[in-house]
There are 2 protein chains.
Amino acid sequence: MAMTDTRPDLSCDVAIIGAGTAGLAAERAARKAGARTLLIDDGFKGTLCATTGCMPSKLLIAAAQAAADIARAGVMGIEAGPARIDGRRVMARVRAERDRFVAATKESYTALPGETCIDARARFLERTRLELDDGRTVGARSVVIATGSIPVVPKAFRDLGPRVLTSDTIFALDDLPDHLAVIGSGPLGAELAQAMARLGVRVALFDKGDRLVGIRCDKVHDAFGPLFAGDVTLHLGCSPEPSPLPDGIRLTWDGGQEDFSHVLVATGRRPALDDLNLSETGLDLNDKGVPRFDRSTMQCGDSCIFIAGDADADAPVLHEASLDGATAGTNAATWPDLSPIDRPPMFAIAFTDPPVATVGASPQDCAINAFRDYSRQGRAQVEARAGGMARLGADARGRLIGADLAVPGADHLGHLLVLAIMNGASAADLLNMPFYHPTLEEGLKPALREICRQASLAIRNDGNPPGA
Amino acid sequence: MAMTDTRPDLSCDVAIIGAGTAGLAAERAARKAGARTLLIDDGFKGTLCATTGCMPSKLLIAAAQAAADIARAGVMGIEAGPARIDGRRVMARVRAERDRFVAATKESYTALPGETCIDARARFLERTRLELDDGRTVGARSVVIATGSIPVVPKAFRDLGPRVLTSDTIFALDDLPDHLAVIGSGPLGAELAQAMARLGVRVALFDKGDRLVGIRCDKVHDAFGPLFAGDVTLHLGCSPEPSPLPDGIRLTWDGGQEDFSHVLVATGRRPALDDLNLSETGLDLNDKGVPRFDRSTMQCGDSCIFIAGDADADAPVLHEASLDGATAGTNAATWPDLSPIDRPPMFAIAFTDPPVATVGASPQDCAINAFRDYSRQGRAQVEARAGGMARLGADARGRLIGADLAVPGADHLGHLLVLAIMNGASAADLLNMPFYHPTLEEGLKPALREICRQASLAIRNDGNPPGA
């Protein structure tokens with residue numbers, strides 16, 4: 001351990017590696033807790049969320065929804081002829097608006113106190129000492145790993161040139177692709193497959209599994225599938241092999257073959273930990289190569305190293321990354337004193353149409369599961385978008401603990417349910433809130449009543465207005 | 001009192017006058033509590049909500065939104081040419097879908113146990129005895145008044161023929177009007193004025209006051225006004241006088257005159273109590289002519305008479321009518337034993353675009369008011385519908401007690417806030433829930449943080465993703 005005797009070039013209380021959503025939150029929290037911080041990032045270009053994640057995908061989805069709305073208007077007596085989709089303008093808006101969000105994240109980076117930001121790559125020399133790729137060393141009382149994640153591209157799809165896309169490259173296209181294969185039916189793959197299809201792209205979606213958007217509940221999945229298949233050709237349980245063509249990619253699978261202009265690989269992301277030299281930390285790694293950590297403190301083992309955001313391969317959604325970061329930053333600053341937090345229930349949304357919201361406990365972990373079919377929900381019918389299914393799950397006493405929603409407005413209903421679950425509300429408690437009429441929210445009431453019935457909870461007012 | 005010695009033709013425990021939303025809920029609750037019930041209604045044609053209220057207005061609004069969405073799509077690179085609005089098809093869908101909801105309310109009426117429903121008008125002979133217009137008498141241990149409300153038409157607008165419309169008649173139009181004046185800028189007037197305008201009708205909105213949609217908060221009103229004025233010509237502080245034309249109505253006001261094909265009078269509704277012969281009950285009436293009643297039990301004075309729904313002129317929204325009815329019905333059945341309820345916070349939504357949600361305490365009743373400008377809210381920008389303002393109100397300790405929202409998704413945010421308020425949540429408590437990114441919901445976070453700041457509440461994680 002002679003090395004630690006050398007004075008490092010830079011020293012701080014908390015060194016944060018990575019300036020994404022988690023790293024920025026960690027730096028802010030550590031500084032707020034009184035720590036001298038260093039935020040180390042190599043050529044910061046904005047957070048994943050802003051550059052290639054949440055924001056550009058939602059911009060593409062907004063355009064796709066506009067196209068779908070035009071097609072749907074005829075039902076209401078409003079004809080607008082076929083939508084003329086100008087792919088270049090669609091992509092130009094996606095990038096222009098995206099760049100405004102990126103600029104905002106860059107501002108929050110450059111607005112940090114002077115000399116906080118270090119433009120470099122860092123690797124561990126030991127738990128409290130980092131080496132930068134410019135040769136300098138950093139000494140820290142504690143370290144937060146917030147290096148994010150990178151797309152996983154299966155071997156067969158590598159080195160096939162620019163027609164194989166990932167979320168890192170698809171938003172850089174100048175125009176919409178002509179004929180797109182999407183590999184991977186998780187939230188990202190499903191969102192982009194449907195959006196591209198609604199923008200006039202012929203889209204086929206492949207997945208070796210049989211699930212769309214990772215929906216946990218069979219009944220909800222069964223209701224979502226046909227709605228989704230209205231836009232996208234589905235090949236589930238299918239692992240196609242690619243081969244390059246002069247102007248595209250040929251996919252071949254058991255029983256089929258098709259040529260595509262582009263392939264989007266959306267088979268997941270993995271933590272970007274390879275270059276950190278983690279072996280020098282002596283930390284115990286889990287099966288994903290991630291240091292074992294405590295979700296309530298973000299501490300790795302019993303060390304002075306903390307981890308946050310996509311780098312921990314836990315819940316790759318922004319609000320979790322942000323909470324991870326704040327928790328890691330605070331605890332890194334006060335280490336060895338730690339303040340564990342209660343994590344909120346699991347909450348994820350895929351912005352398909354209908355959206356898919358996943359909240360708290362899965363069906364198999366709920367004593368009671370009750371359902372509402374939104375193909376007969378009043379407000380959804382009014383807006384000509386009836387369809388989908390909601391599952392609400394409760395414990396044996398009728399306390400709400402989970403939900404799977406694939407219904408219009410699931411993004412909004414998900415927020416309501418996660419708050420109810422955090423409050424420990426029973427189905428009867430939630431029925432006592434005013435559900436306005438006519439709304440998508442009130443569509444949950446029949447399922448809440450069913451939970452009350454099964455849990456023998458009294459209901460104050462069991463009336464249903466027309467179309468609730 | 002010789003009359004009571006005569007045996008009535010019909011007798012029951014609880015007689016409910018009026019089979020609307022409140023009456024149906026009252027009958028159901030009274031029966032569930034063990035009472036023999038009679039539900040008296042003259043030619044039941046479906047609830048107000050289904051026939052001329054919530055449902056047809058939302059159907060018209062859905063068509064209007066579709067037309068507006070088409071116009072907005074160009075921003076996203078999607079051109080659809082001008083929307084061709086087929087007024088006859090628009091109105092035909094409104095009525096066809098409306099009739100399905102009406103059929104559902106009729107079913108819930110006809111599905112009632114045999115001999116519960118009496119097709120007649122009732123008036124009081126005394127507190128426990130009613131006379132029907134077919135000459136029969138009804139004796140009851142207690143009575144629920146649920147006679148609903150009727151549109152108020154100012155004298156000058158009466159007897160001007162079918163070109164003067166109310167919400168009772170506008171949905172019967174075969175085609176959209178050509179040029180519409182709307183009198184009254186409350187929720188109904190504003191909803192229909194904007195919807196008609198978006199469907200290509202030239203619309204002018206008049207109100208003697210200066211408020212749109214009854215918005216309580218000046219800052220929210222100031223943000224909503226210009227958005228609304230983009231669709232509708234506004235004449236606030238203006239009381240026009242009508243005169244008939246061969247093919248329309250001329251409105252004349254201080255400084256102006258204009259000819260309209262139709263006028264929609266939306267100046268409010270009043271309780272339908274005139275024919276009840278209330279004087280025979282000896283009940284004390286308030287300034288609206290409504291028997292004084294207790295909102296927690298719906299009991300009128302200390303009598304065996306209860307009141308529910310629009311007839312009580314309290315909160316003319318469906319969920320309140322339904323809760324009124326259930327409360328009145330239960331207590332009428334158990335009278336003189338009463339079970340008071342806690343009423344939920346005030347909650348009303350107008351489905352304008354953006355929607356207007358009014359929750360709990362008004363700005364002047366809040367120690368702390370904090371605001372969020374949605375013209376810079378990320379998800380709203382993504383969807384090209386940024387605009388509007390949210391007010392969140394708290395007590396001095398930062399506990400949420402009210403809100404005024406005129407922002408995209410205000411209908412959904414309103415549900416979240418009313419639940420938080422019912423839970424007694426502080427702004428810091430609500431910030432601990434997971435707000436998904438990017439959503440309209442997370443736009444509330446800056447206002448919640450401002451409340452925390454003013455109330456000196458600690459915030460766990462004060463980061464903001466780009467575009468929150």
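Residues numbered from 1 in each chain as written. Chains lettered and ligands numbered in written order. Predicted model: local features only at pLDDT ≥ 70, side-chain atom pairs only at ≥ 80, totals over all residues. Heavy atoms only, no water.

Let's shift gears to the overall build of chain A. Per the secondary structure count, chain A includes 11 helices and 24 strands. Computed over the C-alpha atoms, the radius of gyration of chain A is 24 Å, within 12% of the 23 Å expected from 2.2 N^0.38 for a compact globule of 468 residues. With the C-alpha coordinates aligned to their principal axes, the bounding extent of chain A is approximately 75 × 65 × 40 Å. Burial status across chain A gives 61% buried among its 468 residues. Restricting the contact set of chain A to residue pairs at least 6 apart, pairs at least 24 apart contribute 66%. (Helix = DSSP H or I, 4+ residues; strand = E, 2+ residues; numbered from the N terminus. Rg over C-alpha atoms; globule rule 2.2 N^0.38 Å. Buried < 20%, exposed > 50% of the residue type's maximum accessible area, 1.4 Å probe, protein only. Contact = heavy atoms within 4.5 Å.)

Those residues carrying the UniProt feature "domain: FAD/NAD(P)-binding" (unreviewed entry) are residues 13-312 of chain A in this numbering. Within residues 13-312 of chain A, the helical portion is 28% and the strand portion 27%, while the C-alpha atoms at the span's ends are 22 Å from each other. (UniProt positions renumbered as here; feature names shortened; annotations may be inferred.)

Let us now look at the sheet that holds strand β23 (residues 389-394) of chain B. Residues and elements named next belong to chain B. Sheet architecture is open: five strands sit in the order β20-β21-β24-β23-β22, paired in antiparallel fashion. Whereas interior strands pair on both sides, the edge strands pair on one side only; in this sheet they are β20 (347-350) and β22 (368-373). Across this sheet, the average inter-strand angle for adjacent strands is 10°, counted without regard to direction. Examined bridge by bridge, β23 and strand β24 (residues 400-406) share six bridges and lie antiparallel to one another. By the bridge assignment, Leu-392 is partnered in β24 with Ala-403. Contacting β22, β23 and β24, helix α11 (residues 445-455) crosses the sheet at an angle of about 150° to β22. (Pairing = 2+ DSSP bridges. Axes fitted to C-alpha atoms, helices over the stretch in contact; angles between N-to-C directions.)

Let us now look at the pairing of strand β24 (residues 400-406) of chain A. All names here are of chain A. Of all seven residues making up β24, seven are buried, and the element is well covered by its neighbours. Note that strand β21 (residues 356-360) and β24 share five bridges and pair antiparallel. Looking across to β24, one finds that Ala-357 is bridged to Leu-405. Counting the residues in the hairpin turn of strand β23 (residues 389-394) and β24 gives five residues, including Gly-398, whose phi is positive at 90°.

Core analysis: the biggest nonpolar cluster contains 186 residues, and Leu-60 and Leu-405 of chain A together with Leu-60 and Leu-405 of chain B have the highest contact counts within it. Once you skip the residues sitting within four places of it in the chain, Leu-60 of chain B turns out to touch Val-90, Met-91, Val-94, Phe-171, Leu-192, Ala-195, Met-196 and Leu-199 of chain B. Listed in part, the 48 residues of the second largest apolar core include Phe-44, Leu-112, Leu-276 and Ala-308 of chain A. (Core = buried A, V, L, I, M, F, W, Y, C linked by side-chain atoms within 4.5 Å.)

Our focus in this paragraph is the relation of the copies chain B and chain A. After a rotation of 180° and a shift along the axis of 0.0 Å, chain B superposes on chain A with an RMSD of 0.0 Å. Viewed as a symmetry operation, the transformation between the two copies matches a two-fold axis. Most of the interface of chain B is mirrored in chain A, where 100% of its interface residues again form contacts. (Least-squares fit on C-alpha atoms with pLDDT ≥ 70 in both.)

The next subject is the pattern of salt bridges. Residue and element names in this part refer to chain A. Applying the stated criterion across every chain, the model contains 64 salt bridges over all chains. Here Asp-324 makes a salt bridge to Arg-343, at a shortest N to O gap of 2.8 Å. Placement of Asp-324 in helix α7 (residues 318-334) and of Arg-343 in the loop between α7 and β20 (347-350) is noted, with a sequence separation of 19 residues between them. We note that Asp-324, like Arg-343, is buried. Overlapping salt bridges bring together Arg-295, Asp-314, Glu-320, Asp-324 and Arg-343 as one network. (Salt bridge = Lys/Arg side-chain N within 4 Å of Asp/Glu carboxyl O.)

On to helix α6 (residues 218-229) of chain B, then. Residues and elements named next belong to chain B. An ideal rise of 1.5 Å per residue puts 16 Å on 12 residues; α6 measures up with 16 Å between its terminal C-alpha atoms. Of all the residues in α6, the buried ones are Val-220, His-221, Ala-223, Phe-224, Gly-225 and Phe-228. Those residues of α6 that are buried lie in contact with α5 (187-198), β12 (202-207), β13 (233-236), β21 (356-360), β23 and β24. (Expected span 1.5 Å × (residues − 1).)

On to the domain arrangement of chain A, then. Examined at the domain level, chain A breaks down into domain 1 (2-42 + 120-151 + 270-334), domain 2 (155-267) and domain 3 (347-455). Relative placement of domain 1 of chain A and domain 3 of chain A: their C-alpha centres are 38 Å apart. (Domains from an automatic or database assignment.)

We now examine unusual backbone geometry. Residues and elements named next belong to chain B. Look at the link from Trp-335 to Pro-336: it is a cis peptide, with omega at 10°. In this fold, Pro-336 is placed in the loop between α7 (318-334) and β20. Put simply, His-437 and Pro-438 share a cis peptide bond, and its omega is -5°. Residue position: Pro-438 is located in the loop between α10 (427-431) and α11. Positive phi values are uncommon outside glycine, yet Ala-313 reaches one of about 55°.

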